[in-house]
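Read off the chains here:
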Amino acid sequence: MSVDCIIFGFDEGKLKVLVGRRQMDPGRGEWSLYGGFVAADESLDDAAERTLQDLTGMKKIFMRQVGAFGRVDRDPGERVISIAYYALINVKDYSEKLRAEHQVEWVSINELPRLYSDHNEMVQKAWRMMKQKMRTEPIGFRLLPSLFTLTQLQRLYEAVGGELIDKRNFRKRIKDMDFIEKTELIDKTTSKRGAYLYRFNNRVYNEDSNFKL
């Protein structure tokens, strides 16, 4: 029994997945998700949390189980059933040193190469689940820095949803959400005029459960 982790990040306006070359047989050198075997004394969630922490150095990462993948011939080495999880992290929080040590790369989900075994299938299922979840829960903020512009937020939803969103309608909906707070800080990295920075207020969100985007 193993776990495989689909780690999503958002960078340069694109939804990305963390992948690397396999360092073991079978499939050595093929592009692959990061995973590991489940120890005899740990639960599936514990195994996934350990695997994520080994790769990223982060604790308490948002993760959800995607499902079981158990096709008989999915692993040419031996009979292996894998439980896939997807996780969301802010790319900027991930240590470049750790990324280099594990020899993994952020690749746009629309430019993913052929991955080992059924890993492409895992990614696609996780993406569908994340899309659905983001319509009813503000999990996407975990992919953004603590302070973000409305343009960044819109680009995130476009990248995850795979389609463009009308700017006026999007901002109108955001304006009605009290848990997305406008700050007095201005980001001037994208234009001379700059754009106001916003933040997600978890306390206010917990008091208002009528989120839908």
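Preceding this section is the structure that the text describes.
Residues numbered from 1 in each chain as written. Predicted model: local features only at pLDDT ≥ 70, side-chain atom pairs only at ≥ 80, totals over all residues. Heavy atoms only, no water.

1. Notes on the overall build of the protein
So, step 1. A count of helices and strands for the protein gives six helices and nine strands.
So, step 2. Whereas a compact globule of 213 residues would reach a radius of gyration of roughly 17 Å, the protein reaches 19 Å, a difference of no more than 12%.
So, step 3. Judged by the C-alpha coordinates and their principal axes, the protein covers about 55 × 35 × 30 Å.
So, step 4. Across the protein, the fraction of contacts at a sequence separation of at least 24, relative to all contacts at a separation of at least 6, is 63%.
So, step 5. Looking at the protein, you have 36 positive and 32 negative side-chain charges, and the mean spots of the two groups are 7 Å apart. (Helix = DSSP H or I, 4+ residues; strand = E, 2+ residues; numbered from the N terminus. Rg over C-alpha atoms; globule rule 2.2 N^0.38 Å. Contact = heavy atoms within 4.5 Å. Lys, Arg positive; Asp, Glu negative; His and termini not counted. Charge placed at Lys NZ, Arg CZ, Asp CG, Glu CD.)

2. Comments concerning the pattern of salt bridges
So, step 1. In total, this model carries 13 salt bridges according to the counting rule given.
So, step 2. Notably, a salt bridge pairs Glu137 with Lys133, separated by 3.1 Å at the nearest N-O pair.
So, step 3. Relative accessible area serves as the criterion here: at 28%, Glu137 is assigned to the partly exposed category.
So, step 4. We note a salt bridge from Glu181 to Arg199, for which the minimum N-O separation is 3.2 Å. Placement of the pair is Glu181 in strand β8 (residues 180-187) and Arg199 in strand β9 (residues 195-200), with a sequence separation of 18 residues.
So, step 5. By relative accessible area, which is 24% here, Glu181 ends up partly exposed.
So, step 6. We classify Arg199 as partly exposed; its relative accessible area is 41%.
So, step 7. When salt bridges with common partners are traced through the structure, they connect Asp11, Glu12, Lys16 and Lys92 into a single cluster. (Salt bridge = Lys/Arg side-chain N within 4 Å of Asp/Glu carboxyl O. Buried < 20%, exposed > 50% of the residue type's maximum accessible area, 1.4 Å probe, protein only.)

These figures capture arrangement, not role.
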